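Structural features, examined
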Amino acid sequence: VKVESQFFLAPMAAFTNLPFRLMCKKAGAGMVFTEMVTAAGISRKPELAEKLRELKTCREEKPVAVQLFASRPEEFAKATMLVQENFEILNLNAGCPATKETTIGAGAALLRKPELIGEIVKAMKEVAEKPVTVKIRLGWQEDNALKICKIIEKAGADAIIVHARLAGQGYSGKADWSAVKFLVKNSGIPIVYNG
């Protein structure tokens, strides 16, 4: 995926809709991401892939990544097949700390099960025709990001986006950029700073 700028618009629920993404592109964002989209919902009701406003895109915002959340590999795989045509990158969200996602085992809750993240990446890669990336945090309550990143890398992901806080921190406190720098030095795939 060719990206013209080093600046990316990080996804945020209820913010990164199509009009907002277009404004960010006009302001110089090299790549934008959709809001989180329910892979579970799409896998159960494929017609949602055509109806969800979160999946609306247009030529002017390219390149654009779709950010999927769920808790089961098969949900991610089916959603990947259904939505990938309109996006340049498929992103697995394993970093959102919102209760709405974590109570169903999605988002940052996946950080408690790094092997499951690896299974999800493998399931997505088996059906994906586009690059697969994973958004994570440094860990759930403690930093185990290196272990998580190694599992993700081994599973075949093309890049990892790291929010430099623990899930328990939410959006408070300081981001630990040194922890991300350590991951960059110890990774065989690209690491993108976030947060």
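Residues numbered from 1 in each chain as written. Predicted model: local features only at pLDDT ≥ 70, side-chain atom pairs only at ≥ 80, totals over all residues. Heavy atoms only, no water.

**Quick look at the overall build of the chain**
To keep it simple, the criterion reads: Every helix listed is a DSSP run of H or I at least four residues long, and every strand listed is a run of E at least two residues long, numbered separately from the N terminus. What the globule rule says is 2.2 Å times the number of residues to the power 0.38, and the radius of gyration is computed from C-alpha atoms. Categorising residues by exposure relies on relative accessible area from a 1.4 Å probe, with only protein chains included: less than 20% of the type maximum marks a residue as buried, more than 50% marks it as exposed, and the intermediate range marks it as partly exposed. Should any heavy atoms of two residues lie within 4.5 Å, those residues are considered in contact. Note that His is not counted, nor are the chain ends; the positive residues are Lys and Arg, and the negative ones are Asp and Glu. By convention, the point assigned to a charge is CZ for Arg, NZ for Lys, CD for Glu and CG for Asp.
Per the secondary structure count, the chain includes eight helices and seven strands. Computed over its C-alpha atoms, the radius of gyration of the chain comes to 15 Å, within 12% of the 16 Å expected for a compact globule of 195 residues. For the chain, the spread of C-alpha atoms along the principal axes amounts to about 40 × 35 × 30 Å. Across the 195 residues in the chain, those meeting the buried criterion constitute 53%. Within the chain, residue pairs in contact and separated by at least 24 positions form 68% of the contacts whose partners lie at least 6 positions apart. For the chain, the separation between the mean place of its 28 positive charges and that of its 21 negative charges on side chains is 4 Å.

**Quick look at the environment of L110**
Relative to the assigned elements, L110 resides in the loop between α5 (99-102) and α6 (114-127). For L110, a relative accessible area of 1% translates into the label buried. Along the backbone, L110 and A94 are 16 residues apart, and their C-alpha atoms lie at a distance of 5.6 Å. Those residues in contact with L110, other than ones at most four positions away along the chain, are A70, S71, L92, N93, A94, G105, L116, I117 and I120.

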